[in-house]
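Residue-level structure breakdown
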Amino acid sequence: MKRVAMLGIKHLEQCLILETRSDPHPWGRDNWLRSLRDDHCLGLWEGTELLAISCYCLVLDEVSLLNIVVDADSRGQGVGRRLLTEGLEWMQQFGGARCLLEVRLSNTVARSLYSALGFAEDGIRKNYYPLGDGFEHAVLMSADLPLGG
Ligand SMILES: CC(C)(COP(=O)(O)OP(=O)(O)OC[C@H]1O[C@@H](n2cnc3c(N)ncnc32)[C@H](O)[C@@H]1OP(=O)(O)O)[C@@H](O)C(=O)NCCC(=O)NCCS
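Not measured: the values here are computed from a predicted model.

**Here's the deal with the pairing of strand β5 (residues 98–104)**
The two faces of the sheet receive side chains in turn, since in a regular strand these alternate between them. As paired elements, strand β4 (residues 62–70) and β5 share 3 bridges and run parallel to each other. Within the sheet, the bridge partner assigned to Ser64 lies in β5 and is Leu100. Taken together, β4, helix α3 (residues 79–92) and β5 constitute a β-α-β crossover, and its handedness is right-handed. Where β5 and strand β7 (residues 134–144) come together, 7 bridges link them in antiparallel fashion. Considered in β7, the bridge of Arg98 is made with Asp144.

Below you can see the structure in the form of structure tokens.
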């Protein structure tokens, strides 16, 4: 049975293994260490296997989605949808009333996930992400919480 649970520093190595396997633009050790320590990080587990990770931070009533990665072998099965939905429900407990995020313009799968959950595209941040020897635009998206409410 799958379950969503908080992640902490003790899960650092599992997060690094998952993102190295599955994220084309990995955060790396220092960012994970900081986020596991300072942010709200949640994982979706099946037994002892970590299938997906997501991190959020909260400023006043605004939640920022910092990262979400589903293991490459577990995609297309509703894992990302479930983790983000439950993650944002989790953040509402702490006062989150709106969620903001940035996503690479070329990341059509993630943009589709966010749209399917009710996020609207608010604009473009030009040349935001490094890409090879150039840069890529970010799409800014937001949704009121609860999702679909
Ligand atoms: C983006 C990501 C988190 C999606 O996770 P997932 O578990 O595969 O997604 P789900 O199975 O929950 O699908 C939810 C929705 O996403 C979209 N989606 C998922 N896979 C898709 C695909 N291959 N093509 C198009 N849309 C897709 C659909 O809208 C889907 O809704 P539907 O099932 O009703 O059609 C995953 O692909 C991932 O980890 N990518 C690499 C890291 C990344 O890009 N993170 C986002 C950073 S902003």
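The structure having been displayed, the exposition proceeds.
**Focus on the pairing of strand β3 (residues 49–59)**
With 8 of 11 residues buried, β3 lies mostly within the body of the structure. Taken together, the 7 bridges between strand β2 (residues 40–46) and β3 define a ladder with antiparallel strand orientation. From the neighbouring strand, Trp45 faces β3, where its bridge partner is Leu50. As consecutive antiparallel partners, β2 and β3 are separated by 2 residues, and within that stretch Gly47 has a phi angle of approximately 60 degrees, a positive value. With 8 bridges connecting them, β3 and β4 associate as antiparallel partners. What sits directly across from Val59, in β4, is Glu62.

**So, the UniProt feature "domain: N-acetyltransferase" (unreviewed entry) in the chain**
According to UniProt, the feature "domain: N-acetyltransferase" (unreviewed entry) maps to residues 1–146 in the numbering used here. This span, residues 1–146, is 30% helix and 42% strand, and a straight line between its end C-alpha atoms measures 25 Å.

**Observations regarding the environment of Glu49**
In this fold, Glu49 is placed in strand β3. Separated by 85 residues in the primary sequence, Glu49 and Gly134 place their C-alpha atoms 36 Å from one another.

**Examining the sheet that holds strand β1 (residues 2–6)**
In space, the 7 strands of this open sheet follow the order β1-β2-β3-β4-β5-β7-β6, with mixed pairing throughout. Each edge of the sheet is formed by a strand with only one pairing partner; in this case those strands are β1 and β6 (120–131). Pairs of neighbouring strands in the sheet enclose a mean axial angle of 25 degrees, with direction left out of account.

**Quick notes on the pattern of salt bridges**
By the definition in use, this model includes 10 salt bridges. Of the charged contacts in the structure, one is a salt bridge between Arg34 and Asp39, with a shortest N-O distance of 3.3 Å. Classification of Arg34 as partly exposed rests on a relative accessible area of 33%. Overlapping salt bridges bring together Arg21, Asp71 and Asp73 as one network.

**Quick notes on the nonpolar core**
Grouped together as the largest cluster of nonpolar side chains are 25 residues, with contacts concentrated most on Tyr56, Leu65, Leu84, Leu88, Tyr114 and Phe119. Only β2, β3, β4, α3, β5, α4 (108–116) and β7 provide two or more residues apiece to this core. Sorting elements by how many residues they give to this core places α3 first, with 5 residues. Apart from the residues within four sequence positions on either side, Tyr114 is in contact with Leu65, Ile68, Leu84, Leu101, Val103, Phe119 and Met141. Counting residues in hydrophobic clusters, the runner-up holds 13 residues, among them Cys15, Leu16, Leu36 and Cys41.

Reading the values: the criteria
- Residues numbered from 1 in each chain as written.
- Predicted model: local features only at pLDDT ≥ 70, side-chain atom pairs only at ≥ 80, totals over all residues.
- Heavy atoms only, no water.
- Pairing = 2+ DSSP bridges.
- Helix = DSSP H or I, 4+ residues; strand = E, 2+ residues; numbered from the N terminus.
- Right-handed = clockwise from strand over helix to strand, strands pointing away.
- Buried < 20%, exposed > 50% of the residue type's maximum accessible area, 1.4 Å probe, protein only.
- UniProt positions renumbered as here; feature names shortened; annotations may be inferred.
- Axes fitted to C-alpha atoms, helices over the stretch in contact; angles between N-to-C directions.
- Salt bridge = Lys/Arg side-chain N within 4 Å of Asp/Glu carboxyl O.
- Core = buried A, V, L, I, M, F, W, Y, C linked by side-chain atoms within 4.5 Å.
- Contact = heavy atoms within 4.5 Å.

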